[in-house]
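Listed below are the residues making up each chain.
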Amino acid sequence: MADRRHGIPAPATTSAVRSADWDGRDLSGECHDKVAFIDVDLTEAVDRAGVFTECSFRAVRFNVSTHANAAFVNCTFTRCSFFDATFTGCKLVGSMFDGCTFGLLEVDGGDWSFTGLPGADLRRSVFRDVRMREADLTGARFDDAQVLRCDLSGAWVHRASFARCDLRGSDLSAFDPETAGLKGAVIDPAQALVIAATLGLVVRAD
């Protein structure tokens, strides 16, 4: 399993749900604390304001599921699939993703600060207006993705690839063009000034 930030261990769980078929289940308003979900099918599940705290998800299928104003706080996701999953206004602070697949993932709003996504393949995913302060994106791939108006301040982006990624409106203060791949990325003029300053360039209008 990939290490959490600063080597902090994953929270221990106290109960488990194994091999459950929750395909299409309505999780709205449910609260789960320190539960291990193992090989659970949550395909097309609907989740409005559900709360999962320090839970562990192993080989769980979130495919085509929708989550709105839900919370997954300090959770661990291992080898889970998120194909075409949608998160709107959700809180995933401190959660860790290891060996997960994310095809067509869409995230609108919410707080993903301090999340761990090292090495994640997020190509063609969409993140809009998401708070991702100090997220661990080491080695992640955002090629051809949209990361629009996101707060990436303090994010770890060493060896991450943002080739052809639309980054307009996002905070790029943590980006070092020498260690993060930005070839073909789309940025706005204000961001260009930030990148230029990072490279030690002096921008003058005259």
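None of the values given here were measured: they were computed from a predicted structure. Chains are numbered independently. Their residues run from 1 in the order of the written sequence. Since the coordinates come from a predicted model, pLDDT governs what is reported: local features require at least 70, and pairs of side-chain atoms require 80 or more to be given and counted, while whole-chain, interface and lining totals use all residues. Values reported for side chains reflect all heavy atoms of the structure, with hydrogen atoms and water molecules removed beforehand.

1. Points about the pattern of salt bridges
The rule for a salt bridge is simple: a side-chain nitrogen of Lys or Arg has to be within 4 Å of a carboxyl oxygen of Asp or Glu. Summed over all chains, the structure comprises 13 salt bridges. Between R25 and E30 there is a salt bridge, with its nearest N and O atoms 3.0 Å apart. Residue classification places R25 among the partly exposed positions, given a relative accessible area of 29%. Relative accessibility decides the category of a residue: with a 1.4 Å probe and only protein chains considered, values under 20% of the type maximum give buried, values over 50% give exposed, and everything between is partly exposed. Residue E30 is classed as buried on the basis of its relative accessible area of 17%. Several salt bridges converge on common partners, so that one network encompasses D39, D41 and R61.

2. Regarding unusual backbone geometry
Its identity as a non-glycine residue notwithstanding, A59 has a phi of 55°, on the positive side. Strands are runs of DSSP state E lasting at least two residues, helices are runs of H or I lasting at least four, and both sets are numbered from the N terminus onward. For A59, the location among the structural elements is in the loop between strand 6 (56–58) and strand 7 (66–68). Of note in this structure, R124 is not a glycine but carries a positive phi near 65°. With respect to the element layout, R124 can be found in the loop between strand 12 (106–108) and strand 13 (126–128). Look at R124 and you get exposed, because its relative accessible area is 53%.

Geometric values such as these leave the question of function open.
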